[in-house]
Amino acid sequence: MPGKVDAMTMPSWVSGDESKPAPMPLLLVQSFVNTWDGDHNSDLLLDPASARDWLTRAGLWSVDRTPDPAELHRARAVREGIRAILMANGGGPAPAPAATETLRAVAQAGRPALKVDPGGQVSVTVEPADEPDAGLLALLLVIRDAQRDGTWQRLKACGNPDCRWAFYDRSHGQVGAWCDMATCGNRIKNRRLRQRPR
Ligand SMILES: [Zn+2]
């Protein structure tokens, strides 16, 4: 399949459970959202040491220290804000304003820099890169680009409320609603069938 990322060549910061990876650099946003794993009840952004390790490998943390609890709290709030938008991408309700509050605060405080390289390529970067919020801003820039090139709508959060795993929908017509039809899709469909009034 064109554009499919081979599991063997996946960067180390991508979960081994990633069966529907987004193209780069949107894969970074997807992997960030999937640092919380509802199935295994694990969160890579909870413990400062493991958070620093993951964020550094993903290129989202260049500060010469471990993130403090407030910074991790903000990172998780940004993550859940992005997830709320991905729920809407998957056909769920529009995110509540409170869900994206931290996302908006990070965006508002950020100072992206415009750059022109010697060849004339114009890019937006986050300067300086070693600010605690630089990685979160970098994620927002990736989201902005994806919204412009049309790939954003394909990044969705699984419709199973216990799962909410971020997956990239390559289906024709972008009709996918589950991270995996065999597990989440059938589980939810069976639950709805049981709940149907007789
Ligand atoms: Zn799922």
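Above this text sits the structure in question.
To keep things clear, this report deals only with the structure shown in the data block. (Residues numbered from 1 in each chain as written. Predicted model: local features only at pLDDT ≥ 70, side-chain atom pairs only at ≥ 80, totals over all residues. Heavy atoms only, no water.)

Considerations on helix H3 (residues 69-89)
Defined as follows: To qualify as a helix, a DSSP run of H or I must reach at least 4 residues; to qualify as a strand, a run of E must reach at least 2; elements of each kind are numbered from the N terminus. Given the number of residues in a helix, its expected span is that number minus one, multiplied by 1.5 Å. Relative accessibility thresholds used throughout: buried, under 20% of the residue-type maximum; exposed, over 50%; partly exposed, between the two (1.4 Å probe, protein chains only). Polar contacts here mean pairs of N or O atoms no more than 3.5 Å apart (in protein, one a potential hydrogen donor and the other a potential acceptor; neighbouring residues in sequence count only if both atoms are side-chain atoms).
In a regular helix each residue adds 1.5 Å, so 21 residues correspond to 30 Å; H3 covers 30 Å between its end C-alpha atoms and thus fits that length. Taken together, the buried positions of H3 are Glu-71, Leu-72, Ala-75, Arg-76, Val-78, Arg-79, Gly-81, Ile-82, Arg-83, Ala-84, Leu-86 and Asn-89. If you check the start of H3, you find a side-chain oxygen 3.1 Å away from the backbone N of Ala-70, and it comes from Asp-68. Count one or two residues on from H3 and you reach Gly-91, which has phi positive near 100 degrees.

Brief notes about the nonpolar core
A general feature of soluble globular proteins is that nonpolar side chains tend to end up buried together. What counts is decided by this rule: Working definition of a nonpolar core: buried Ala, Val, Leu, Ile, Met, Phe, Trp, Tyr and Cys residues. They are joined through side-chain atoms within 4.5 Å. Contacts are residue-level and defined by heavy atoms, with any inter-residue pair within 4.5 Å sufficient.
By size, the foremost hydrophobic cluster in this structure holds 39 residues, and its most contacted members are Leu-26, Val-29, Phe-32, Ile-82 and Trp-152. When residues in this core are grouped by element, the largest group, eight residues, is from helix H5 (residues 134-149). Apart from residues no more than four positions distant in its own chain, Leu-26 is found in contact with Val-142, Ala-146, Thr-151, Trp-152, Leu-155 and Tyr-168.

Looking at the side chain of Ser-31
Positionally, Ser-31 belongs in helix H1 (residues 26-33). Residue classification places Ser-31 among the buried residues on the basis of a relative accessible area of 3%. Discounting residues that sit within four places of it in the chain, Ser-31 has contacts with Trp-13, Val-14, Glu-18 and Trp-54.

With respect to the coordination of the zinc ion
Condition: Only nitrogen, oxygen and sulfur atoms within 2.8 Å of the metal, or 3.2 Å for Na, K and Ca, are treated as donors, and water is left out, so sites may look incomplete.
The coordination sphere of the zinc ion contains the protein donors Cys-158 (SG), Cys-163 (SG), Cys-179 (SG) and Cys-184 (SG), at a distance range of 2.3 to 2.4 Å. Using a relative accessible area of 1% as the deciding quantity, one classes Cys-184 as buried.

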